[in-house]
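Summary of the model geometry
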Amino acid sequence: MCGITGIKAFNEIGRINMIHLAAATESLAKRGPDNQGLFYDHFVGMGHRRLSIIDVSESAHQPMSDASGRYQIIFNGEIFNYKQLKKGLQEKGASFQTESDTEVLLQLYILFGKKALNHLNGFFSFAIFDVADGSLFIARDRLGIKPLYYYYDEDKLIFASEMKAIMRYGIQKELSFESLLTYLQLNYIPAPLTILKGVHKLLPGHFIECKKNEVTVEQWYKVPFEASRTVGRHGYSDKQKELRELLTSAVKQRLVADVPLGTFLSGGTDSSIIAGIASKLHPGIHSFSIGYKDDPFFDETEYAELVARHFNTQHHVFKLSNDDLLNHLDGMISYIDEPFADSSALPVYILSEETRKHVTVALSGDGADELFGGYNKHLAWQKSVEPSISNAVAKRLLPLWKSLPASRSSALGNKVRQLSKYGEGLKLSAEDRYWRWASYMAENQALAYLSPSAKEGLGMDMYRDHKAGWLLPLKRSESLNSFLLADTQLVLPDDMLTKVDRMSMANALEVRVPFLDHRVVEFAFGLPESFKIHNGTRKRILQDAFKEFLPQKLYNRPKKGFEVPLLKWMQNEMKSTLDSIVFNEEKLNEQGIFCPQQLALLRQQLHSNNPGDAHATTWALYIFQKWWENYFK
């Protein structure tokens, strides 16, 4: 796990920007604290920050070249099947100077070109420069586990693992109001957009080729998918067995490292499965969980401890107070180089910091919900597409749900919030329903937060084109699998995986995700939806496949998530801070982006007895303003 950046100049004007390569590489230091390496050619520069995981020797430092010196590679990630690939390459006559997966990847590319991507099992972003013909090849993994940003104009192409490195090259910074409108709804910015015009995220399963100063972007992988699948009557038990075998193989591959490793353990089914398999393959493995001293509603550490005892892991629990969370807030926010307002990033940041004191690599259970239907919205979707009396009642009672106090911070308030959102969704088309359920606020509400000048700078046609792309799976079918595919292409890479990557890398911790082994992903999307949600049971096949493996107490309990008590903070400890940073009318008028009157109404709702999602919107605005101060102002 590392940080990469580079520049390809198209002319002497673009070449001037190569003076920023070292500073851009240094900005990625937390991703790779073990070594920094630079490579310069006349029109190409490449930088690498290394976190040593496999072959920790100096010989595996990057940028790395082949024996002839023709090819140079910088690589962020891990190739889990590199030993098998290496054996096959040796049979074809390749020789190796290191034990690293980086050299295997380079030799594979030299032999197969871009088709090498199809041989890889891992997560990655990498760049390979061919000195002989001046071409540059850049690629991102299938599911978007590792990040890759890029910027290009008539003079240069720039790329990096994080946007802070892109900004170090001195590019002009111009706010993208299309991205801001999307951010206000989702609390994150999905690919290919970023908060800056001209800077893009490379989509998962895509690559960039730059030949003779021509830049092309192409897709090399997409999830094999049919909206409706059927399996024979006796297929369910066979598929459970296959799932157990696939996950065991995925975990086994991800336990290969030349440094200490462990596993996150939240107490939910997904992380418990991964921890359990890992403990069988690696007895006595360390496990790590986090809980809340001051808010039992969000604390699940008792379940994590139950699983740890069941599998005899060396368990570490970090119990946090509100003060602990608040004391880490500035450290977390300072690392975010693009507005990102998933509040669970804060506990992930702290968990990563504490875990890194013991191990360098941690496994996680991320991805299972999106693949197998683990969220409330997945169950709601299945119910919504089936005509029923309950749906008619839910629509009719929508005014009632909207009149009752709603909040994520209590069980009753959260149920009211869910009923209201469900009733709203039933009145919408499949695409609009998905978007509403993925969002904290409706599009017209988000528009109301923008100032008149911001709206003038907003390209609604561009925004709608991107939105249509994100919702494409729902345009083809209303099936549950289509919903899950949309989540896998939108929420998973741009929220969940972004959160884990940034917060772990801020602490030089590599996090591996066995559920996102592409074999598991393809297996999941080859299943009929009844194997995923059935009679109200979410992640049905996953739960049944491991029912005899896990403690019984884990089953049939409410899913809490990894949230933090934002509302209590905002009404108490953070009140004066928010008044100064988010709700200050003078500052808002000077900035000219947001509508002060609308934010005054938001503040009023935040401190009312019916806050709804006001705290989530306030958090998004707070994160934006802190980003503005750190990176844009």
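A brief look at the structure comes next. What you are looking at is a predicted structure, and each value in this text was computed from that prediction instead of being measured.

Quick notes on the overall build of the protein chain
- Tallying secondary structure elements over the protein chain gives 31 helices and 17 strands in all.
- Here the C-alpha radius of gyration of the protein chain, 24 Å, is about what a compact globule of 633 residues would show, namely 26 Å.
- Oriented by its inertia axes, the alpha-carbon framework of the protein chain measures out at about 75 × 65 × 45 Å.
- Out of the 633 residues in the protein chain, the part that is buried amounts to 62%.
- Placing the 74 positive and 74 negative side-chain charges of the protein chain at their respective mean positions leaves the two points 5 Å apart.

Here's the deal with the sheet that holds strand E17 (residues 510-512)
- Strand order in the open sheet made by the five strands is E15-E14-E13-E16-E17, with parallel pairing throughout. At either margin of the open sheet sits one strand with a lone partner, and together these are strand E15 (314-320) and E17. The sheet shows a mean angle of 30° between the axes of neighbouring strands, direction not considered.
- Sheet analysis places strand E16 (residues 361-363) next to E17, joined by three bridges and oriented parallel. Bridging across to E17, Val 361 finds its partner in Glu 510.
- Here helix H9 (residues 301-311) sits on the sheet and contacts strand E14 (286-292) and E15; the angle it forms with E15, its principal contact strand, is near 170°.

Overview of the environment of Trp 220
- Following the sequence through the fold, Trp 220 ends up in the loop between strand E12 (214-219) and helix H7 (235-253).
- The exposure class assigned to Trp 220 is buried, which follows from its relative accessible area of 13%.
- Put simply, Trp 220 and Leu 419 are 199 residues apart on the chain and 41 Å apart in space, counted from C-alpha to C-alpha.

Focus: unusual backbone geometry
- For the bond running from Gln 62 to Pro 63, omega is 0°, close enough to zero to count as cis.
- When you line up the elements, Pro 63 lands in the loop between strand E3 (44-50) and strand E4 (64-65).
- Residue Pro 192 is reached from Ala 191 by a cis peptide bond, and omega for that bond is 10°.
- Summarising the element assignment, Pro 192 is placed in the loop between helix H6 (177-186) and strand E10 (199-201).
- Here Asn 535, not a glycine, exhibits a phi torsion of approximately 50°, which is positive.

Description of the pattern of salt bridges
- Inspection of every chain in the model, using the stated rule, returns 28 salt bridges.
- For Lys 553, the salt bridge goes to Glu 302, with nearest N and O atoms at 3.7 Å. Remark: Glu 302 occurs in helix H9 and Lys 553 occurs in the loop between helix H26 (540-545) and helix H27 (566-571); sequence separation between them is 251 residues.
- Overlapping salt bridges, with partners in common, bring together Arg 31, Lys 146, Glu 162, Lys 164, Asp 337, Asp 501 and Arg 502 in one network.

Analysis parameters
Residues numbered from 1 in each chain as written. Predicted model: local features only at pLDDT ≥ 70, side-chain atom pairs only at ≥ 80, totals over all residues. Heavy atoms only, no water. Helix = DSSP H or I, 4+ residues; strand = E, 2+ residues; numbered from the N terminus. Rg over C-alpha atoms; globule rule 2.2 N^0.38 Å. Buried < 20%, exposed > 50% of the residue type's maximum accessible area, 1.4 Å probe, protein only. Lys, Arg positive; Asp, Glu negative; His and termini not counted. Charge placed at Lys NZ, Arg CZ, Asp CG, Glu CD. Pairing = 2+ DSSP bridges. Axes fitted to C-alpha atoms, helices over the stretch in contact; angles between N-to-C directions. Contact = heavy atoms within 4.5 Å. Salt bridge = Lys/Arg side-chain N within 4 Å of Asp/Glu carboxyl O.

Functional significance is not addressed by these values, which are geometric in nature.
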